[in-house]
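What the coordinates show
Below are the chains, spelled out letter by letter.
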Amino acid sequence: MAEAGDPVVYEVVSSRVPETSGELPQSVTTIHPGTIGGEFHFTRGHMHTRARGEVYLGLTGTGGLLTFDGRRAVWVAMAPGTIGYIPPGWAHRSVNTGDEPYRFLAVYPGDAGHDHAWVAENGMGHRVMRGASGEPELAPFPRPAAGSR
Ligand SMILES: O=P(O)(O)OC[C@H]1O[C@H](O)[C@H](O)[C@@H](O)[C@@H]1O
């Protein structure tokens, strides 16, 4: 639950489709605009528990999809109508790089599973900072310190 002084950074509305093999659950995520410590607002990020891909479609605003396989990071700029693809075995995090809510549709296999601990342990390779011009700048960011989140 959010408390005063602890603003909501993002919200996820999920379908009622079962998260089981063969199903295709969907969710719409809205990331509100803003920065914390110069870093654009982002989702927690996760790896799928099983080797499963995922498809995004940009709906409103501007943002990006950061994927990381533990060694390489790939950034896909997202806008309304942009399709983002997450291959199996790549952790993923979304970032709002604009001044309005960034909203996207996600569709993923029901048996994908969410492993947030992988990102807590391995990080995402980069931070997405707001540059002097307001544009996103990817800053290399090695693994988080042990015990940090
Ligand atoms: O769970 P997070 O890493 O915070 O990401 C937020 C959400 O992003 C997408 O919508 C995924 O399909 C969801 O499964 C995920 O919950």
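This text goes with the structure placed above it.
Since we're looking at a predicted model, the values are computed, not measured. (Residues numbered from 1 in each chain as written. Predicted model: local features only at pLDDT ≥ 70, side-chain atom pairs only at ≥ 80, totals over all residues. Heavy atoms only, no water.)

**Observations regarding the site of the ligand**
- In the vicinity of the ligand there are 15 residues, among which Y10, S27, T29, E54 and H114 approach most closely.
- At 2.8 Å, a side-chain N or O of T29 approaches an oxygen atom of the ligand.
- With respect to the ligand, the backbone of G45 contributes an N or O atom lying 2.8 Å from an oxygen atom.
- Elements supplying a minimum of two residues to the shell around the ligand: β1 (10-14), β2 (26-31), β6 (54-60) and β11 (102-107).
- Looking at side-chain class alone, the shell around the ligand contains six nonpolar, seven polar and two charged residues. (Near = heavy atom within 4 Å. Polar contact = N/O pair within 3.5 Å; in protein donor to acceptor, adjacent residues only side chain to side chain. Helix = DSSP H or I, 4+ residues; strand = E, 2+ residues; numbered from the N terminus. Nonpolar A, V, L, I, M, F, W, Y, C, P; charged D, E, K, R; others polar.)

**What to know about the pattern of salt bridges**
- By the definition in use, this model includes four salt bridges.
- Across the pair E39 and R127 runs a salt bridge whose closest N-O atoms are separated by 3.6 Å. Of this pair, E39 sits in strand β4 (residues 39-40) while R127 is found in strand β13 (residues 126-130), placing the two residues 88 residues apart along the sequence.
- A residue is classified by how much of its surface remains accessible, and E39, at 12% relative accessible area, is buried.
- Among the salt bridges present, the one from D99 reaches R130, with a minimum N-O distance of 3.9 Å. Separated by 31 residues along the polypeptide, D99 in the loop between β10 (91-96) and β11 and R130 in strand β13 bring together distant segments of the chain. (Salt bridge = Lys/Arg side-chain N within 4 Å of Asp/Glu carboxyl O. Buried < 20%, exposed > 50% of the residue type's maximum accessible area, 1.4 Å probe, protein only.)

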